[in-house]
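For reference, the chains in residue letters:
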There are 2 protein chains.
Amino acid sequence: MSIAAKAARPERAAAEEDYRLEDHIGFVLRKANQRHLALFSARIGDLTPPQFAALARLEEVGETSQNQLGALIAMDAATIKGVIDRLKTRGLVELDTHKQDRRRLVVRLSAKGRETLARLRPLAFAITEETLAPLTGRERASLMRLLAKIG
Amino acid sequence: MSIAAKAARPERAAAEEDYRLEDHIGFVLRKANQRHLALFSARIGDLTPPQFAALARLEEVGETSQNQLGALIAMDAATIKGVIDRLKTRGLVELDTHKQDRRRLVVRLSAKGRETLARLRPLAFAITEETLAPLTGRERASLMRLLAKIG
DNA sequence: CTGATATCATTTGCATACGAATGAATTTGC
DNA sequence: GCAAATTCATTCGTATGCAAATGATATCAG
């Protein structure tokens, strides 16, 4: 709508006219996430991004407690529990109670988990590549940097 | 780890060493989303971003069918149903079956929904502002543009 | 040593989110 | 005009994601 047209319809407030969902970060983040998820599940159908993140971080840091692992991938206690439960059911991780502190649940990659991770890692790179495909190299670096800044 | 140290441990593959969750778009998108959600719920506690998006789009386009509204904010039929159900329960939208096509469920903002939207819209701007606070003006524009490109 | 505090994990409740299956109603193709 | 295909909505199942409450264990303060 032109400025002239806006002036001609004073009954509609400027706040209403100028509000566009597309200009709000939450909306565009949600859509970008959506597209990434679709690409992820197309390539890695039998594992979700959070599950993959848990396995990847677990290989990085070796065994840790369940909550600590959650903290390392930004998941609260309730969420990481479900993720670990499902990975355990599928034999990708192993669990043990901590020797000194019986509150803790020690999580460890199983051999199968390690193999799965090795197999899927190349796909993860491909997914990131594919998600960023609409961007130039410079734009990709810029996007990653800016997202890291607000995350 | 230095390049020399890497060379000294050939048993660990380069793919493993170089894989960093932080370099993958899915992980940083998830974290950015998380921070936005926290800021949103701190300011608008009684409405979620999807619910807000539905109300905002509804005011933009006037009445539409439930699925059509979902399409306009990138939600599939199953998801938009839950959102509309909750908005309906709270009296923010009104529902009717379409006169000509009895399959369709026509969704409309209620007076209360319109008031709620008018009240919350300024907060939505503040939330976007706050989420993007770590960035300069130029960076904000850049981030929005790049996200729109991959979304 | 012991009561207060803190930490770890679990559970419950609620809200997205999507795939797949289903049923109802409409439109299309012939 | 009627069978086939399509569209709209609903339901079910699974998986995050977070807040709040709870229980078990560990640590700290006095």
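Residues numbered from 1 in each chain as written. Chains lettered and ligands numbered in written order. Predicted model: local features only at pLDDT ≥ 70, side-chain atom pairs only at ≥ 80, totals over all residues. Heavy atoms only, no water.

1. A word on the protein's contact with DNA strand C
By nearness alone, 23 residues border DNA strand C, and Asn67(A), Arg103(A), Leu105(A), Thr48(B) and Arg86(B) come closest of all. One of the side-chain N or O atoms of Gln66(A) is found 2.7 Å from a phosphate oxygen in DNA strand C. Contact distances for DNA strand C include 2.7 Å between a phosphate oxygen and a backbone N or O atom of Asn67(A). Among the secondary structure elements, those contributing two or more residues to the surface near DNA strand C are helix 3 (25-43), helix 5 (66-72) and helix 6 (77-89) of chain A together with helix 4 (49-61) and helix 6 (77-89) of chain B. Per-element tally for the surface near DNA strand C: the top contributor is helix 6 of chain B, with four residues. Its residues assigned to classes, the surface near DNA strand C comprises six nonpolar, eight polar and nine charged. (Near = heavy atom within 4 Å. Polar contact = N/O pair within 3.5 Å; in protein donor to acceptor, adjacent residues only side chain to side chain. Helix = DSSP H or I, 4+ residues; strand = E, 2+ residues; numbered from the N terminus. Nonpolar A, V, L, I, M, F, W, Y, C, P; charged D, E, K, R; others polar.)

2. Comments concerning the interface of chain A and chain B
The partner chain B presents 49 residues to the 48 residues of chain A that form the contact. For the chain A and chain B pair, buried surface summed over both sides reaches about 4,700 Å², with 66% attributable to carbon and sulfur atoms. The largest share of the area that chain A buries against chain B comes from Tyr19(A), Ile25(A) and Ile150(A), three residues that together contribute 14% of it. Our enumeration of links across chain A and chain B arrives at six salt bridges. The partner of Glu22(A) in a salt bridge is Arg57(B), with the nearest N and O atoms 2.6 Å apart. For the side of chain A that touches chain B, the secondary-structure elements that each account for two or more residues are helix 2 (14-18), helix 3, helix 4 (49-61), helix 7 (111-131) and helix 8 (137-150) of chain A. Considering every element that reaches the side of chain A that touches chain B, the biggest residue donor is helix 3 of chain A, with twelve residues. Here the side of chain A that touches chain B is built from residues that sort into 25 nonpolar, nine polar and 14 charged. (Contact = heavy atoms within 4.5 Å. Buried area = accessible area lost by both parts, 1.4 Å probe. Salt bridge = Lys/Arg side-chain N within 4 Å of Asp/Glu carboxyl O.)

3. A closer look at the relation of the copies chain A and chain B
Overlaying chain A on chain B yields an RMSD of 0.0 Å, the required transformation being a rotation through 180° with an accompanying axial translation of 0.0 Å. These values place the two chain copies in the arrangement generated by a two-fold rotation axis. When C-alpha positions in chain A are compared against the rotation axis, the closest is assigned to Leu143(A), at 3.1 Å. Interface residue correspondence from chain A to chain B reaches 100%, placing this contact among same-surface, isologous pairings. (Least-squares fit on C-alpha atoms with pLDDT ≥ 70 in both.)

4. Observations regarding the confidence of the model for chain A
Looking at chain A, the pLDDT average stands at 91 and 89% of residues meet or exceed 70. Contacts from residues 1-12 of chain A, a stretch scored under 50 in pLDDT, to residues over four places away or in other chains number six contacts. (pLDDT = per-residue confidence, 0-100.)

5. Remarks on helix 8 (residues 137-150) of chain B
Helix length check: helix 8 of chain B, at 14 residues, gives a terminal C-alpha distance of 21 Å against a target of 20 Å (1.5 Å per residue), a fit within 8%. Taken together, the buried positions of helix 8 of chain B are occupied by Glu139(B), Arg140(B), Ser142(B), Leu143(B), Met144(B), Leu146(B), Leu147(B) and Ile150(B). If you follow the buried residues of helix 8 of chain B, they end up packed against helix 3, helix 7 and helix 8 of chain A together with helix 3 (25-43) and helix 7 (111-131) of chain B. (Expected span 1.5 Å × (residues − 1). Buried < 20%, exposed > 50% of the residue type's maximum accessible area, 1.4 Å probe, protein only.)

6. Regarding the pairing of strand 3 (residues 105-109) of chain B
Residues and elements named next belong to chain B. Relative to strand 3, strand 1 (residues 64-65) runs antiparallel, the two being bridged by two bridges. Within strand 3, the residue paired with Ser-65 across the bridge is Val-106. In the sheet, strand 2 (residues 93-97) pairs with strand 3 via five bridges, with the strands oriented antiparallel. The residue bridging Thr-97 from the neighbouring strand is Leu-105, located in strand 3. (Pairing = 2+ DSSP bridges.)

7. Brief notes about the sheet that holds strand 1 of chain B
Read from one edge to the other, the open sheet built from three strands follows the order 1-3-2 (chain B), with strand pairing classed as antiparallel. With one partner strand each, in any of the chains shown, strand 1 and strand 2 of chain B form the two edges of the open sheet.

8. Overview of unusual backbone geometry
All names here are of chain A. With a phi close to 60°, Ala-74 is a non-glycine residue in the positive phi region. Here Ala-74 lies in the loop between helix 5 and helix 6. For Ala-74, a relative accessible area of 22% gives the class partly exposed.

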